[in-house]
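Coordinate inspection notes
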Amino acid sequence: MLSIYQLKPKFQALLRPYANALYKANFTANQVTLIAGFGSIFIAFIVGVLAKYQWIFFLIPIWMFIRMALNAIDGILAREYYQKSNLGAYLNEICDVVSDSALLLIFTQIECVNNYLVILVVLLSLLTEYSGVLGVMIGASRRYDGPMGKSDRAFVLGGISLAIATYLLPLSYINALLWIISILLVCTVINRIRNGIQEVKK
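Presented here is a report on the structure given in the accompanying data block. (Residues numbered from 1 in each chain as written. Predicted model: local features only at pLDDT ≥ 70, side-chain atom pairs only at ≥ 80, totals over all residues. Heavy atoms only, no water.)

The next point concerns unusual backbone geometry. A cis amide bond links Gly 146 to the next residue, Pro 147, at an omega of 15°. By the element assignment, Pro 147 lies in the loop between α5 (115–137) and α6 (150–165). Although it is not a glycine, Tyr 82 adopts a positive phi angle of roughly 55°. Counting through the fold element by element, Tyr 82 comes out in the loop between α3 (59–80) and α4 (86–104). We classify Tyr 82 as exposed; its relative accessible area is 76%. (Helix = DSSP H or I, 4+ residues; strand = E, 2+ residues; numbered from the N terminus. Buried < 20%, exposed > 50% of the residue type's maximum accessible area, 1.4 Å probe, protein only.)

Printed below as a string of structure tokens:
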């Protein structure tokens with residue numbers, strides 16, 4: 001399945017000079033990972049507190065772009081500057097799911113949004129990443145299959161937030177979008193499990 005994750009190599013190529021600058025400034029991959037994680041929690045808190053002002057949702061697409069850049073940079077630092085570590089592997093996975101959960105839970109602060117639907121999306125998002133990591137346990141690679149992987153969720157969440165901030169999206173439509181996202185998340189879990197098993201067979 002197509003996924004925005006497939007564009008990551010080109011995105012990383014654009015960010016390589018910035019990764020080099022951070023390396024020269026003595027930043028490590030783990031520090032960049034933690035900045036992305038704590039930054040997501042901070043943005044989620046600010047937007048959640050001020051959610052009644054729709055314009056505040058402008059912060060989410062801006063932060064999503066920054067977070068995607070930081071995630072790409074920490075990968076460059078880890079691979080190309082020999083900063084891979086076991087701790088880094090844990091931080092990368094944990095910070096991603098914490099960041100996703102915090103940013104998605106913002107939608108519980110919108111009155112007409114069904115909180116149970118938001119929680120469903122959060123749980124399914126966790127399940128997609130868990131099923132991706134489980135590929136390693138059976139001898140496959142860490143699976144990043146779509147159609148609703150981490151990068152795809154960031155793009156969709158940023159798009160919805162931008163539409164909210166610009167008043168282009170009626171808030172009553174958000175529940176329908178959450179249902180669609182949930183279905184795509186289930187497809188993602190199935191794809192990651194199926195492709196992981198097929199990879200091992202090959």
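What follows deals with helix α7 (residues 174–201). Along its 28 residues, α7 runs 41 Å from first to last C-alpha, staying within 8% of the 40 Å computed at 1.5 Å per residue. By the burial criterion, the buried members of α7 are Ile 174, Leu 178, Ile 181, Ser 182, Leu 185, Thr 188, Val 189, Asn 191, Arg 192, Asn 195 and Gly 196. On its buried face, α7 is in contact with α5 and α6. (Expected span 1.5 Å × (residues − 1). Contact = heavy atoms within 4.5 Å.)

It is the contact of helix α2 (residues 29–49) with α3, at a shortest axis distance of 8 Å, that shows an interaxial angle of 170°. Taken together, the axes of α2 and α3 lie roughly antiparallel to each other. Both α2 and α3 take part in a crossing whose hand is left-handed. Contacts from Ala 29, Val 32, Thr 33, Ile 35, Ala 36, Gly 39, Ser 40, Ile 43, Ile 46 and Val 47 of α2 reach α3 at Leu 59, Ile 60, Trp 63, Arg 67, Leu 70, Asn 71, Ile 73, Asp 74, Leu 77 and Ala 78. Its residues assigned to classes, the contact of α2 with α3 comprises 14 nonpolar, four polar and two charged. (Axes fitted to C-alpha atoms, helices over the stretch in contact; angles between N-to-C directions. Parallel < 35°, antiparallel > 145°, perpendicular 65-115°, else oblique. Left-handed = near helix turned anticlockwise from the far one by under 90°. Nonpolar A, V, L, I, M, F, W, Y, C, P; charged D, E, K, R; others polar.)

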